[in-house]
Amino acid sequence: MRIIINEKPHLLDPSELLRPEPEFADKSLSEFRDYSIDLNDPLKERVRQTYRKMHLNQTVDFVKSRHEEWLTFDHFTATIREALEKLNDIVDESDPDIDLPNIVHAFQTAERARAEHPELDWLHLTGLIHDLGKVMLFYGEEQYSTVGDTFPVGCLWSDNIVYRSDSFIGNPDGSNPEYNTKYGIYEPNCGITKLTMSWGHDEYMYQVLKHNKSTLPEQALNIIRFHSFYPWHSSGDYSHLAADGDDEIKNWVLMFNRYDLYTKSSKIPDIEALWPYYQSLIDKYCPNKLEF
């Protein structure tokens, strides 16, 4: 499928994006995002424990504290390449599909987007930097508040959140009546961009790019901001909070999900050979050092 983009993105049919099975996936779609519980499998148990910590600790007050901590943008300065190279030392403990340094996944995602849409250079760079907010791990943030799927705080938790059945037990927001209704602290159809999301690399990198006045288009910024919001973009939840225009955001995220999720494999790109091309995109959309 090819999409020709002018000034505004076309609305896309999500079923067209997710089916047929991507020919580049090296296993069937049903084998991705396997969150089944197996206490004897170290990888699955690591993933489960990471989500347990996330769902226990991600509260409205906790997210406010992370905004106060991180949205000062005074932790470090770095070029995109310098920050990306830190991902050599990060393995995402919430991911059941890959156990390799995160920089490998960054290039896998970017290169597949480039192969399918060579005309959308901003999408290639989006693939490269979509997980860059994980650099928080080098500056004191924990895995449970950096990686993994995201969800809104301040309202009922969706039934389609990973490990939903028991991993939220003990979260203080679960006993707060203000947060335990369908709408919680939000207004009907307020819009996805008005939600306070659980804290993680998505929201942080979105805010970093906005703060540093990146010239990436709004589609790219929204992809980065919501690519881990699986209960919304892949399960169809929270539609009662969505506003006009949110379907367009969702369709871009679903398009990107094709590259983010289904390229995860042990095949490692030639990162050094690819740097000159991606440096040209960095220079175009995110030049110089950024404040993180």
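Residues numbered from 1 in each chain as written. Predicted model: local features only at pLDDT ≥ 70, side-chain atom pairs only at ≥ 80, totals over all residues. Heavy atoms only, no water.

Chemist: Could you give me a rundown of the overall build of the chain, with the residues and numbers involved?
Modeler: Helix and strand counts for the chain come out as twelve helices and two strands. Considering only contacts in the chain between residues 6 or more positions apart, those separated by 24 or more positions represent 80%. (Helix = DSSP H or I, 4+ residues; strand = E, 2+ residues; numbered from the N terminus. Contact = heavy atoms within 4.5 Å.)

Chemist: I'd like to hear about the packing of aromatic side chains, residue by residue, with values.
Modeler: Applying the stated criterion across every chain yields a total of 15 aromatic pairs. Judged by centre distance (4.4 Å) and plane angle (5°), the rings of phenylalanine 76 and tyrosine 139 are stacked. Taken together, the residues phenylalanine 76 in the loop between helix H3 (60–70) and strand S1 (77–78) and tyrosine 139 in the loop between helix H6 (121–129) and helix H7 (164–167) connect sequence positions 63 residues apart. Since its relative accessible area comes to 30%, tyrosine 139 is described here as partly exposed. (Phe/Tyr/Trp six-rings, centres within 6.5 Å; stacked < 30°, edge-to-face > 60°. Buried < 20%, exposed > 50% of the residue type's maximum accessible area, 1.4 Å probe, protein only.)

Chemist: Just give me the short version of the packing of H6 against helix H11 (residues 246–260), but keep the residues and values in it.
Modeler: In the contact formed by H6 and H11, the axes pass within 11 Å of each other and the chain directions differ by 65°. You can see that H6 and H11 cross each other, and the crossing is right-handed. Facing H6, whose interface residues are Trp122, Leu123, Thr126 and Gly127, H11 presents Trp252, Met255, Phe256 and Tyr259. (Axes fitted to C-alpha atoms, helices over the stretch in contact; angles between N-to-C directions. Left-handed = near helix turned anticlockwise from the far one by under 90°.)

Chemist: For the packing of helix H5 (residues 102–116) against H11, give the residues involved together with the corresponding values.
Modeler: Between two packed helices, what matters for the description is the angle formed by their axes and the separation of those axes. Contact geometry of H5 with H11 gives a least axis separation of 8 Å together with a crossing angle of 120°. When the interaxial angle is binned, H5 and H11 end up oblique. Residues His105, Thr109, Arg112, Ala113 and Glu116 of H5 form the contact with H11, whose participating residues are Phe256, Arg258, Tyr259 and Asp260. Here the residues of the contact of H5 with H11 sort into three nonpolar, two polar and four charged. (Parallel < 35°, antiparallel > 145°, perpendicular 65-115°, else oblique. Nonpolar A, V, L, I, M, F, W, Y, C, P; charged D, E, K, R; others polar.)

Chemist: Please provide a residue-by-residue account of H6, values included.
Modeler: The periodicity of an α-helix, 3.6 residues per turn, causes residues three or four positions apart to be oriented the same way. With nine of its nine residues buried, H6 lies for the most part within the structure. Here H6 has its buried residues at Asp121, Trp122, Leu123, His124, Leu125, Thr126, Gly127, Leu128 and Ile129. In this structure, the buried side of H6 is in contact with helix H4 (80–86), H5, helix H8 (201–211), helix H9 (218–226), H11 and helix H12 (271–285).

Chemist: Outline the nonpolar core, supporting the account with residue identities and numerical values.
Modeler: Counting residues in each nonpolar core, the largest one holds 79 residues, and the members touching the most others are Ile129, Leu132, Leu216 and Phe292. When residues of this core are assigned to their parent elements, the largest contribution, seven residues, is made by H12. Excluding anything up to four places from it in sequence, phenylalanine 292 contacts Phe73, Asp74, His75, Phe76, Ala78, Ala83, Leu132, Val135, Tyr204, Met205 and Val208. (Core = buried A, V, L, I, M, F, W, Y, C linked by side-chain atoms within 4.5 Å.)

Chemist: I'd like a description of the pattern of salt bridges, backed by residues and values.
Modeler: Tallied over the entire structure, the rule returns eleven salt bridges. Linking glutamate 85 and arginine 81 is a salt bridge whose minimum nitrogen-to-oxygen distance equals 2.9 Å. Here arginine 81 and glutamate 85 lie together in helix H4, a separation of four residues that amounts to about one turn. Exposure remark for arginine 81: the relative accessible area of 26% places this residue in the partly exposed category. Residue glutamate 116 is joined to arginine 112 by a salt bridge in which the shortest nitrogen-to-oxygen separation is 3.9 Å. Pair noted here: glutamate 116 and arginine 112 are both in helix H5, with a separation of four residues, about one helical turn. For glutamate 116, a relative accessible area of 10% gives the class buried. Each of Arg81, Glu85 and Glu272 takes part in a single network of salt bridges with overlapping partners. (Salt bridge = Lys/Arg side-chain N within 4 Å of Asp/Glu carboxyl O.)

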